[in-house]
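# Summary of structural features
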Amino acid sequence: MSVYAINELCYRAVHDPPFREALLADPSGTLVTLDLTADERKALLERNVGQLYLWGANTFLLGHLMRYKLFGVEREQYSQSIWAAARSAGRPAGGP
Amino acid sequence: MAEIVCALGVPHTPAFPRMARSEGPEGPVERLFRAVREQLEAVQPDVLVVYDSDHVNTFFFNNWPTFAIGVTPQIYGPNDDNSGLPKTVVASNEDLAHHLYAGGIHSGFDFALAQKFEIDHSIMVPLHFVTPKLNVPIVPLFINGVAPPLPAAKRCFALGSAVRSTIEGWPQDLRVAILASGSFSLDVAGPMMEPGGNSGTPAMDWSNRVVELLGAGKITDLLEETTSDQIARAGNVAGEILNWIAMLGMLDGRKPAFVEKHDGFGHAFAAWRWD
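A brief report on the enclosed structure follows. (Residues numbered from 1 in each chain as written. Chains lettered and ligands numbered in written order. Predicted model: local features only at pLDDT ≥ 70, side-chain atom pairs only at ≥ 80, totals over all residues.)

Moving on, we come to the overall build of chain B. The secondary structure content of chain B amounts to nine helices and twelve strands. Against the globule reference of 19 Å for 275 residues, chain B gives a C-alpha radius of gyration of 17 Å, in line with a compact fold. Across its three principal directions, the C-alpha atoms of chain B cover 50 × 40 × 40 Å. Looking at the 275 residues of chain B, the share that counts as buried comes to 55%. For chain B, contacts bridging at least 24 residues in sequence account for 80% of all contacts bridging at least 6. (Helix = DSSP H or I, 4+ residues; strand = E, 2+ residues; numbered from the N terminus. Rg over C-alpha atoms; globule rule 2.2 N^0.38 Å. Buried ≥ 20, exposed ≤ 12 C-beta atoms within 10 Å, placed from the backbone. Contact = placed C-beta atoms within 7 Å.)

Laid out in structure tokens, this is it:
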């Protein structure tokens with residue numbers, strides 16, 4: 001598991017515009033250049049934000065996936081995923 | 001001798017510039033920031049010492065400081081996109097910053113030294129409203145408020161006391177204002193976000209309690225109640241309260257000139273005067 005690399009991806013999405021453009025243009029091709037496990041690449045490509053959160057990624061940084069719609073992450077789907085993950089772990093969650 | 005002339009506490013919501021435009025000059029955002037700005041302008045500061053929590057834009061986890069200080073002639077910001085503010089350069093006071101860096105080390109607060117860095121909306125949004133001409137140099141002091149484990153409230157309070165002593169030991173005549181940036185309850189893109197937005201206010205009761213304690217000057221109670229568990233319940237950036245607590249460590253028990261909750265939000269605006 002490489003939570004560091006997930007956090008770094010989110011950080012670079014803000015601070016490295018060419019990297020962000022590459023992620024938007026070729027998500028899977030860009031992910032293979034990063035130090036991520038196969039499971040992590042799968043979770044990102046499947047927009048499984050809740051799993052990234054449960055692995056320990058920083059939630060403020062994960063929000064950048066939604067802001068830039070990386071991997072097609074939209075707010076509604078992001079919310080549902082992170083709420084469900086928190087509930088599954090017995091942690092407080094917002095939402096309906 | 002340098003003297004502290006006022007202290008301000010404000011939030012830094014990235015939407016504030018947009019909200020201010022849509023609400024107009026008598027809307028809550030403009031009105032609350034105007035109340036703070038008038039306190040600052042009345043004391044004619046030479047420099048603004050800012051307690052801030054980086055939102056993983058100034059630093060990253062390759063080298064993540066609990067406490068850091070910026071020592072540089074000028075600072076670029078905002079380096080994030082969420083506020084829509086123009087990217088610009090703010091003057092700093094490098095000599096005072098270095099004095100605070102050394103003073104911290106000598107008094108047991110081992111600041112990380114940042115000499116080449118950028119700042120994000122959490123400083124630029126407050127400056128946009130309180131020094132809109134960006135004509136007051138800033139010295140940023142960073143406290144980790146977003147990536148646990150966070151420093152303890154009492155530790156941050158003691159840091160503020162040490163910074164105050166260091167400022168007052170600076171031989172140049174300088175009028176120093178203090179600004180603390182942050183919310184008391186806010187979860188941005190975390191599991192406590194609410195439907196329809198990208199954030200939530202999971203502990204409005206806690207935010208209201210903080211406002212009550214600030215207004216009453218019950219700082220000992222505030223330090224006791226600001227535990228790591230309480231911060232965690234209040235959201236993923238609720239540790240920004242540590243910036244306010246560092247500022248409170250400089251106040252020597254002063255009561256605020258005003259403290260006002262921002263209706264509907266887990267944050268408040270406040271000012272303290274020395275005269």
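On we go.
The next thing to look at is the sheet that holds strand β8 (residues 174-181) of chain B. Residue and element names in this part refer to chain B. Reading across the sheet, the eight strands line up as β6-β3-β7-β2-β8-β1-β12-β11 and stay open at both edges, with mixed pairing between neighbours. Sheet topology places β6 (112-114) and β11 (258-261) at the edges, where each strand pairs with a single neighbour. Pairs of neighbouring strands in the sheet enclose a mean axial angle of 20°, with direction left out of account. Judged from the four bridges that link them, strand β1 (residues 2-10) and strand β12 (residues 268-273) form a sheet pairing that is antiparallel. Residue pairing across strands places Cys6 opposite Arg273, the latter belonging to β12. Along the sheet, helix α6 (residues 204-216) contacts β11 and β12; its crossing angle with β11, the most-contacted strand, is approximately 165°. (Pairing = 2+ DSSP bridges. Axes fitted to C-alpha atoms, helices over the stretch in contact; angles between N-to-C directions.)

So, on to the pairing of β11(B). On β11(B), burial follows the alternation: Val259(B) and Lys261(B) on one face are buried, whereas Phe258(B) and Glu260(B) on the facing-out side are not. Taken together, β11(B) and the strand that follows it, β12(B), pair antiparallel across an intervening segment of six residues, in which Gly264(B) is found at a positive phi of about 90°.

So, about helix α2 (residues 28-43) of chain B. Residues and elements named next belong to chain B. With 16 residues, α2 extends 24 Å between its outermost C-alpha atoms, agreeing within 8% with the 22 Å of an ideal straight helix rising 1.5 Å per residue. Where α2 is concerned, the buried positions are Val29, Leu32, Phe33, Val36, Gln39 and Leu40. Mapping the buried residues of α2 onto a view down its axis gives an arc of 115°, with all of them on the same face. The inward-facing, buried residues of α2 contact β1, α1 (16-23), α4 (121-130), β8, β11 and β12. Gln44 sits one or two positions beyond α2 and adopts a positive phi of about 45°. (Expected span 1.5 Å × (residues − 1). Arc of directions from axis to C-beta.)

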